[in-house]
Amino acid sequence: MSNKDVLKGESRDGYVKIDRYNEEKIEAVATHYKDILGQLGEDPEREGLLKTPERVAKALQYLTHGYDLKPDEILKSAMFEEDYSQMVVVKDIEVYSMCEHHMLPFFGKAHIAYIPNGHIVGLSKIPRVVDAFARRLQVQERLTNEIRDCIQNTLSPMGVAVVMECKHLCMAMRGVQKQNSVTTTSAFTGTFLSNDKTRAEFLRLITASLD
């Protein structure tokens with residue numbers, strides 16, 4: 001991080017939860033957005049838009065700060081040896097990301113499970129891994145695979161399962177304009193691939209209610 005970066009936040013678990021702003025990048029991106037506003041037919045000098053280019057530049061830096069994070073290091077910061085070999089499920093993890101095709105948001109939930117093979121991980125680290133990959137320009141299919149692969153390669157569990165359900169504003173606000181459509185993606189390794197009963201148990205658990 002250069003001395004031109006402005007940090008707002010605190011260090012937690014081996015990475016910084018931040019609003020991180022590089023002032024040079026803010027200025028460069030804001031300049032482009034000022035031109036874009038003019039090209040769209042707006043007056044970038046009117047009161048309501050004077051600070052909009054800077055706000056957009058800061059928002060984009062925050063929404064893509066996952067490029068500065070190392071998801072495997074997030075997991076390694078809280079790995080523990082444990083003799084536990086049953087399924088661990090973290091479901092209903094909120095997901096917010098940006099579609100790389102139109103740079104419009106997509107959002108929803110991720111459901112993740114793994115079967116430990118000598119090591120477990122602090123439960124909060126799994127949602128943080130999701131955020132580290134989601135805060136980049138993405139497609140849902142790749143995001144699903146990246147989360148799966150990170151957990152598999154770092155923890156070496158007996159299997160990993162990831163299911164993601166998201167709504168895409170590039171479908172709702174433009175194009176086909178289908179506001180109620182939901183895209184579901186899945187990715188599995190190990191036991192979740194080879195054992196139908198294990199995969200079925202995971203799918204049952206993520207749809208079950210505790211109420």
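The shown structure was predicted, so the numbers you read here are calculated from the model rather than taken from an experiment.

**Description of the overall build of the protein**
- Of regular secondary structure, the protein possesses 8 helices and 9 strands.
- Looking at the protein as a whole, 39% of its 211 residues qualify as buried.
- Taking as baseline every contact in the protein between residues at least 6 positions apart, the subset at least 24 positions apart corresponds to 66%.
- With an accessible surface of roughly 12200 Å², the protein has 50% of that area assigned to carbon and sulfur atoms.

**So, the sheet that holds strand 8 (residues 159-168)**
- With mixed pairing, 5 strands are arranged side by side in an open sheet as 7-4-5-8-9. This sheet does not close on itself; its edge strands, each paired only once, are strand 7 (137-138) and strand 9 (183-188).
- Sheet topology note: the strand 4 (residues 88-99)/strand 7 ladder contains 2 bridges and is parallel. Within the sheet, the bridge partner assigned to cysteine 99 lies in strand 7 and is glutamine 138.
- Where helix 4 (residues 125-134) meets the sheet, its contacts fall on strand 4, strand 5 (105-115) and strand 7, and the angle it forms with strand 4 comes to roughly 20°.

**Things to note about the pairing of strand 4**
- Where strand 4 lies against strand 5, 9 bridges are found, and the strand directions are antiparallel. Considered in strand 5, the bridge of serine 97 is made with phenylalanine 106.
- Connecting strand 4 to the next strand, strand 5, in antiparallel fashion are 5 residues, including methionine 103 with a positive phi near 55°.

**Structural notes on helix 4**
- Taking burial as the measure, the 10 residues of helix 4 include 7 buried ones, the bulk of the element.
- Among the residues of helix 4, those classed as buried are Lys125, Ile126, Val129, Val130, Ala132, Phe133 and Ala134.

**Focus on the packing of helix 4 against helix 5 (residues 140-155)**
- Interaxial distance between helix 4 and helix 5 falls to 10 Å at its minimum, and their mutual angle equals 135°. The orientation of helix 4 relative to helix 5 falls into the category oblique. The hand of the helix 4/helix 5 crossing is right-handed. Across from Val129, Val130, Phe133 and Ala134 in helix 4, the residues of helix 5 making contact are Leu143, Glu146, Ile147 and Cys150.
- When the residues that make up the contact of helix 4 with helix 5 are grouped by side-chain class, the tally is 7 nonpolar, no polar and 1 charged.

**A closer look at the side chain of lysine 125**
- Summarising the element assignment, lysine 125 is placed in helix 4.
- What makes lysine 125 buried here is its relative accessible area of 6%.
- A distance of 3.2 Å separates polar atoms of two side chains, one belonging to lysine 125 and the other to serine 124.

**Details of the nonpolar core**
- Core analysis: the biggest nonpolar cluster contains 29 residues, and Val95, Ile112, Tyr114, Leu143, Ile147 and Ile151 have the highest contact counts within it.
- Examining the composition of this core, we find that 6 residues originate from one element, helix 4, more than from any other.
- Leaving out residues up to four positions away in the same chain, leucine 143 has contacts with Val95, Phe106, Phe133, Ala134, Gln138 and Met164.
- Within the second largest apolar cluster, 9 residues are counted, among which are Met87, Ala161, Phe202 and Ile206.

**Section: the UniProt feature "binding site: Zn(2+)" (unreviewed entry) in the protein**
- Taken from the UniProt record, the annotation "binding site: Zn(2+)" (unreviewed entry) applies to Cys99, His102 and Cys170. A maximum C-alpha distance of 7.8 Å is found for the annotated residues, which run over 72 residues; spatially they form one tight group.
- Here histidine 102 is to be found in the loop between strand 4 and strand 5.
- A residue is classified by how much of its surface remains accessible, and histidine 102, at 39% relative accessible area, is partly exposed.
- Assignment of secondary structure puts cysteine 170 in helix 6 (residues 169-172).

Cut-offs used in this document
- Numbering of residues begins from 1 in every chain and follows the order in which that chain's sequence is written.
- In keeping with the model being predicted, local features are shown solely for residues with a pLDDT of at least 70 and side-chain atom pairs are shown and tallied solely at 80 or more, while totals for entire chains, interfaces and linings include all residues.
- Side-chain calculation: all heavy atoms of the structure are included, whereas hydrogens and water are not.
- Helical segments are the DSSP runs of H or I of at least four residues, strand segments are the runs of E of at least two, and each set is numbered from the N terminus.
- Burial status follows relative accessibility: with a 1.4 Å probe on protein chains alone, a residue under 20% of its type maximum counts as buried, one over 50% as exposed, and anything between as partly exposed.
- In this description, contact between two residues means that some pair of their heavy atoms is separated by no more than 4.5 Å.
- Residue exposure ignores everything except the shown protein chains as possible cover, and the areas themselves are Shrake-Rupley values with a 1.4 Å probe.
- In this scheme, strands are said to pair when DSSP sees at least two bridges between them.
- To define axes, lines are fitted to C-alpha atoms, for helices over the stretch in contact only, and angles between the resulting N-to-C directions are given on a 0 to 180 degree scale.
- Angle categories: roughly parallel below 35 degrees, roughly antiparallel above 145, roughly perpendicular from 65 to 115, and oblique for all the rest.
- Take the far helix as your reference; a near helix turned counterclockwise from it by less than a right angle gives a left-handed crossing, and one turned clockwise gives a right-handed crossing.
- Nonpolar residues are Ala, Val, Leu, Ile, Met, Phe, Trp, Tyr, Cys and Pro. Charged residues are Asp, Glu, Lys and Arg, and all others, Gly as well, are polar.
- Whenever two N or O atoms come within 3.5 Å, that pair is a polar contact, provided that in protein one can donate a hydrogen and the other can accept it, and provided that, for residues adjacent in sequence, both atoms are side-chain atoms.
- The term nonpolar core refers to a set of buried residues drawn from Ala, Val, Leu, Ile, Met, Phe, Trp, Tyr and Cys, joined through side-chain atoms within 4.5 Å.
- UniProt positions are given in the numbering used here, feature names are shortened, and annotations may be inferred rather than shown by experiment.

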